[in-house]
Amino acid sequence: QVQLVESGGGLVQAGGSLRLSCAASGRTFSSYAMGWFRQAPGKEREFVAAISWSGGSTYYADSVKGRFTISRDNAKNTVYLQMNSLKPEDTAVYYCAADASVGADRYEYDYWGQGTQVTVSS
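Numbering of residues starts from 1 in each chain and follows the order in which that chain's sequence is written. Where totals are concerned, whole chains, interfaces and linings use all residues; where local detail is concerned, this predicted model gives features only for residues with pLDDT of at least 70, and gives and counts side-chain atom pairs only at 80 or more. Only hydrogens and water are set aside when side-chain values are computed; all heavy atoms of the structure are taken into account.

Caption draft 1: Representation of the overall build of the protein in the model. Secondary structure elements are defined from DSSP: runs of H or I of at least 4 residues count as helices, runs of E of at least 2 residues count as strands, and each element is numbered from the N terminus. Assigned secondary structure in the protein consists of zero helices and 11 strands. Going from N to C terminus, the protein has its helices and strands arranged as β-β-β-β-β-β-β-β-β-β-β. For the protein, the C-alpha atoms occupy an extent of roughly 40 × 25 × 25 Å along the three principal directions. The classification of residues rests on relative accessible area computed with a 1.4 Å probe and restricted to protein chains. Under 20% of the type maximum is buried, over 50% is exposed, and intermediate values are partly exposed. Burial analysis of the protein (122 residues in total) assigns 42% to the buried set. Contacts spanning at least 24 positions in sequence make up 58% of the contacts within the protein whose residues lie at least 6 apart. Carbon and sulfur atoms form 47% of the exposed surface of the protein, whose accessible area is close to 6,200 Å². When charges are counted, neither His nor the chain ends are considered; positive counts come from Lys and Arg and negative counts from Asp and Glu. For charged residues, the charge sits on one atom: NZ in Lys, CZ in Arg, CG in Asp, CD in Glu. In the protein, the 11 positive side-chain charges and the 11 negative ones have mean positions that sit 6 Å from each other. Contact between two residues is taken to exist if any of their heavy atoms lie within 4.5 Å; hydrogens are not considered. The Shrake-Rupley method, run with a 1.4 Å probe, gives the accessible areas here. Residue values count only the displayed protein chains as cover.

Set out below in structure tokens:
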């Protein structure tokens, strides 16, 4: 079992930056791949970024490539999402998720956090 708690969301102007954190409970955090997803009002939850258990492989949605960076600190049981050059279309609730294997399919992820709101004003 893994419990996930996101933090770091907020209101930011377009062009600004935020760093999201996802703290995990459990001693097996380092064995899980982690992903970030987001859901805007009236839209499906979509993939943002993912990272392998070791941190050696990362994957990004085309819409955030070059602006967002996913990283993890297994000693702190935490995964991060650094978001730069934010745009109004990045506004959404951001969720972290854990799975045995890394990927972009939200249906493959077994554990989810409660989400944190990110709002980007124009």
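Right, picking up where we left off after that structure.
Caption draft 2: Layout of the pairing of strand 1 (residues 4-7). Burial of the side chains of strand 1 is restricted to one face: Leu4 and Glu6 are buried, whereas none of Val5 and Ser7 on the reverse face is. In this structure, strand 1 lies alongside strand 3 (residues 18-24), joined through four bridges in antiparallel fashion. Across the sheet, the residue bridging to Val5 is Ala23, located in strand 3. Here, any two strands with at least 2 DSSP bridges between them count as paired.

Caption draft 3: Representation of the environment of Tyr95. With respect to the helices and strands, the residue Tyr95 is situated in strand 9 (residues 92-99). For Tyr95, a relative accessible area of 13% translates into the label buried. The residues contacting Tyr95, other than those within four sequence positions of it, are Glu6, Gly35, Trp36, Phe37, Gln39, Arg45, Trp112, Gly113, Gln114 and Gly115.

Caption draft 4: Structural view of the sheet that holds strand 3. The strand order across the open sheet formed by four strands is 1-3-8-7, and the pairing between neighbours is antiparallel. Where the open sheet ends on each side, the last strands, each with one partner, are strand 1 and strand 7 (68-73). Adjacent strand axes in the sheet meet at a mean angle of 15 degrees, parallel and antiparallel pairs treated alike. Summarising the sheet, strand 3 and strand 8 (residues 78-83) pair through six bridges and their orientation is antiparallel. In the sheet register, Ser21 faces strand 8, and the bridge partner there is Tyr80. In this analysis, axes come from line fits to C-alpha atoms, helices being fitted only over the stretch in contact, and the angle between any two N-to-C directions falls in the range 0 to 180 degrees.

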